[in-house]
Amino acid sequence: MKRSPALALLLSPCLLGVGLLFGVPFCIALWRSLAAGPGSYLQALTNPMFRLGTRNLLRFLLLAIPGTMALALWLALLLRRLGRGFWPLLAAMLLPALLPSGSTAFFWNCILGVNGVINRLLYQWGQEIVLWDSGRWSILLPAVLYLWKFCGLLTLVFWVGLGSIPREYHELARLEGAGPWTLLWRITLTYLTPSLMLALLLGLMSAFRISRELLMLFGRYPDDGLYLLQHFLAGQLEQMNLPVLGAAAVLVAGALLAAAVPLWRAGQRTYDSFTQRGEWNLPAPGQGRGQKRALVIATVAAVLFLLPVLFTAANSLLPAGEAAARYSPVVMPENAGGLARGGLHFVEPVLLPGRLSLTQYRDFLSSPAYLRMFWNSVALTVPAVLLHLLVSAAGAYGFFRLRGRRMELVFGACLLLMAIPAQVMVTPQYLFFRELGLEKSWWAVVLPAVFHPAGVCLLRLQLAGFPPECIDAARENGAGELQVFTRIVLPGLREGLMLLAVYTFAECWNGVEQAVVFLHGYRLPLSVPLARLLREDIGILSAASVVYLAPVLLIFLGCLLELRQSAGE
């Protein structure tokens, strides 16, 4: 096709931003690792902690990602059966991904800690308490935590993808005698391939970000069974050991490339016909069969996903000091009447407080430091999300229109940069911003969020099913590229933009890694002290988590209303 200046204008901000803020830092890390000689790679590969973390990470990925994707697809199919009225259930499933890391870790510590609910029950039944963070099966803990936190997000991805499969395909297959399994394998999964790729990429990114909760729950040096590659990278980041981090970046990138290229080619072959079917987002309404059973299963799943949110909200309403007494592992005068064993006080969880108090909210809201950090989070997140949506949508359209081997290679590089863990990229990004004199400014946090390659990659994958006939018809009627982009393509990307807005807002709002490296003191966002409050003041942590969740929840509900409207409900 003829390459117009408008397409270059749409694509250039994305390419320049990704290249400067992710490609250049990656090259810096690569150069530093090569300049140090083979020793940096040998130091990483022969380091017993690197090998232990890599081995455990592979076990974790093999457990968490396939299981979570399978459960998310099943839940999405159930929600599709329900037709109208399923939005509250989907909202409940998505909420865990929006919770601050501190409150998430607090809930799971109350369940799985040495003085947690499970050990309390075991002790009451006369059994020995269990140290859940050690032992042969300890790797199941982060897998369960990952499933609970990100299953709802992947469910939304699959739900959006299922809406783009024409129901006529299923009806024709049924007329030809196809059974449920044939429909699933030959129709649903085939035309859901772009969503499967999208879910896999989101799953890999989220697998590295689960380290926030793991570090809060088990510390920097957990038991060998829970020591993941993220712990090793965090330790090297703390020491600013750039040669080893650079070597780790190259090794991780090589492993991701070796895994992603075959998957990408297989997926491309699978949905080549999908991109040419000439239809777009024909909704698949809910089916009447099995609706009651689907409603029961989806409701139970929604309640389980919602439980930590209710737990956090309930504990934020406890009187001052009662939260600490209920959840402290130490026997004190305030909890002396509770269940204890050898000086270890077991938690006394509550979902319906007997006495309601707003004291913890008052203590939090009366703190000038916390309020300043709250507005810091707003100032950092809102412009980053809005600009990220704009840059990503324009870049995705540019990649979609400019086909060719070179563009495929560039897009593949964006996919690779997207999947590199933040712990690996933040140090070379620090060196890059230091050269510009911006290493202590908000720009160092906002710009990587604006130009993160995740947005353009996810929206480009959604555009895989957009019919080119619509664009050709608009062009024949005299529409320019900008008009095609704003009036035809953007409305078709509505669901993908809503999903990206929720995901990006939650990631920026709860981000910790870059804020710790680039910002200090009164310039920090609230997500950083929330991560520390788990060890200091559980009562204020609950109240702060509820307050901190409110803006994300408003954005989330607004996006869900838009999705509901686009679904025709």
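Residues numbered from 1 in each chain as written. Predicted model: local features only at pLDDT ≥ 70, side-chain atom pairs only at ≥ 80, totals over all residues. Heavy atoms only, no water.

Visitor: Run through the overall build of the protein chain, naming residues and quoting values.
Guide: Counting its secondary structure elements, the protein chain contains 27 helices and two strands. For the protein chain, buried positions account for 55% of its 569 residues. In the protein chain, 82% of the contacts between residues at least 6 apart in sequence involve partners at least 24 apart. Of the roughly 25200 Å² of accessible surface on the protein chain, 65% is carried by carbon and sulfur atoms. (Helix = DSSP H or I, 4+ residues; strand = E, 2+ residues; numbered from the N terminus. Buried < 20%, exposed > 50% of the residue type's maximum accessible area, 1.4 Å probe, protein only. Contact = heavy atoms within 4.5 Å. Areas by Shrake-Rupley, 256 points an atom, 1.4 Å probe, with all protein chains shown as cover.)

Visitor: Could you give an account of the environment of Ser-366, with specific residues and numbers?
Guide: Looking at where Ser-366 falls in the secondary structure, it is placed in the loop between helix H16 (359–365) and helix H17 (368–401). At 3.2 Å, the side chain of Ser-366 forms a polar contact with the backbone oxygen of Asp-363. (Polar contact = N/O pair within 3.5 Å; in protein donor to acceptor, adjacent residues only side chain to side chain.)

Visitor: Requested: an account of the side chain of Lys-149, with residues and values cited.
Guide: Note on placement: Lys-149 falls in helix H7 (residues 140–162). Lys-149 gets classed as buried once you look at its relative accessible area, which sits at 6%. Residue contacts for Lys-149: discarding those within four places in its chain leaves Pro-96, Ala-97, Leu-99, Thr-104, Ile-210 and Glu-213.

Visitor: Summarise the pattern of salt bridges; cite the residues concerned and give the values.
Guide: On inspection of all chains with the given rule, the structure shows two salt bridges. In this structure, Arg-362 engages Asp-363 in a salt bridge whose closest nitrogen and oxygen atoms are separated by 3.5 Å. Residue classification places Asp-363 among the partly exposed positions, given a relative accessible area of 29%. (Salt bridge = Lys/Arg side-chain N within 4 Å of Asp/Glu carboxyl O.)

Visitor: Give me the environment of Leu-89: which residues, what numbers.
Guide: Here Leu-89 lies in helix H4 (residues 87–94). Residues Leu-89 and Leu-79 lie 10 residues apart in sequence; the distance between their C-alpha atoms is 8.4 Å. Those residues within four positions of Leu-89 in sequence are excluded, and the remaining contacts are Leu-79, Leu-82, Leu-295, Ala-298, Thr-299 and Ala-302.

Visitor: Would you mind going over the packing of aromatic side chains in detail, with residue names and values included?
Guide: Per the stated rule, a full pass over the model turns up 18 aromatic pairs. Consider the rings of Phe-50 and Phe-232, whose centres lie 5.4 Å apart with planes at 70°: the pair is edge-to-face. Here Phe-50, found in helix H3 (residues 48–82), pairs with Phe-232, found in helix H12 (residues 229–238); they are 182 residues apart in sequence, far enough to count as distant. Summarising the burial analysis for this pair, Phe-50 and Phe-232 share the class buried. An angle of 35° between the planes, with centres 5.9 Å apart, marks the rings of Tyr-430 and Phe-518 as tilted. Of this pair, Tyr-430 sits in helix H19 (residues 422–436) while Phe-518 sits in helix H25 (residues 513–518), placing them 88 residues apart in sequence. Here Phe-518 falls in the buried class, since its relative accessible area comes to 1%. Site record: aromatic cluster; members linked through ring pairs are Phe-107, Trp-108, Trp-148, Phe-311 and Tyr-327. (Phe/Tyr/Trp six-rings, centres within 6.5 Å; stacked < 30°, edge-to-face > 60°.)

Visitor: Kindly report on helix H24 (residues 494–509), identifying the contributing residues and their values.
Guide: Along its 16 residues, H24 runs 22 Å from first to last C-alpha, staying within 8% of the 22 Å computed at 1.5 Å per residue. Of all the 16 residues making up H24, 14 are buried; the element is thus mostly covered by neighbouring parts of the structure. (Expected span 1.5 Å × (residues − 1).)

Visitor: A description of a positive patch on the surface should follow, citing residues and the corresponding values.
Guide: Positive charge collects at one region of the surface, where Arg-51, Arg-55, Arg-59 and Arg-136 lie side by side. A relative accessible area of 48% means that Arg-55 is categorised as partly exposed. (Patch = residues over 30% accessible without salt bridge, like charges linked within 9 Å, V, L, I, M, F, W, Y side chains within 5 Å. Lys, Arg positive; Asp, Glu negative; His and termini not counted. Charge placed at Lys NZ, Arg CZ, Asp CG, Glu CD.)

Visitor: Tell me about the environment of Leu-52, and name the residues and values.
Guide: Tracing the sequence through the fold places Leu-52 in helix H3. Look at Leu-52 and you get buried, because its relative accessible area is 12%. Separated by 175 residues in the primary sequence, Leu-52 and Tyr-227 have C-alpha atoms spaced 7.0 Å apart.

Visitor: I'd love a proper account of the packing of helix H10 (residues 193–209) against helix H21 (residues 453–462), names of residues and values included.
Guide: To describe two helices that pack against each other, one gives the angle between their axes and the distance between the axes. Closest axis-to-axis distance for the H10/H21 pair is 9 Å, and the angle between their directions is 160°. With respect to each other, H10 and H21 are oriented roughly antiparallel. Crossing hand, H10 versus H21: left-handed. Here H10 contributes Pro-194, Met-197, Leu-198, Leu-201, Leu-202 and Met-205 to the contact with H21, which in turn contributes Ala-454, Leu-458 and Leu-461. (Axes fitted to C-alpha atoms, helices over the stretch in contact; angles between N-to-C directions. Parallel < 35°, antiparallel > 145°, perpendicular 65-115°, else oblique. Left-handed = near helix turned anticlockwise from the far one by under 90°.)

Visitor: Describe the packing of helix H1 (residues 5–35) against helix H23 (residues 481–492), and please don't skip the residues or the numbers.
Guide: Where H1 meets H23, the closest approach of the two axes is 8 Å, and the angle between their N-to-C directions is 55°. The orientation of H1 relative to H23 falls into the category oblique. For the pair H1 and H23, the contacting residues are Ala-6, Leu-7 and Leu-10 in the first and Glu-481, Leu-482 and Phe-485 in the second. Residue composition of the contact of H1 with H23, grouped by class: five nonpolar, no polar and one charged. (Nonpolar A, V, L, I, M, F, W, Y, C, P; charged D, E, K, R; others polar.)

Visitor: Tell me about H3, residues and numbers included.
Guide: For H3, which comprises 35 residues, the first-to-last C-alpha distance of 51 Å matches the rise-based estimate of 51 Å (1.5 Å per residue) to within 8%. The backbone nitrogen of Met-49 has a side-chain oxygen 2.8 Å away, supplied by the residue at the start of H3, namely Asn-47.

Visitor: Lay out the state of the cysteines in plain terms, naming residues and giving numbers.
Guide: Taken as a whole and assessed by the stated rule, the structure comprises zero disulfides. Cysteine Cys-14 is unpaired, with the sulfur of Cys-414 as its nearest cysteine sulfur at 5.5 Å. The cysteine Cys-457 is free of any disulfide, with Cys-414 supplying the nearest cysteine sulfur at 5.3 Å. Taking relative accessible area as the criterion, Cys-457 reaches 0% and is therefore assigned buried. (Disulfide = S-S within 2.5 Å.)

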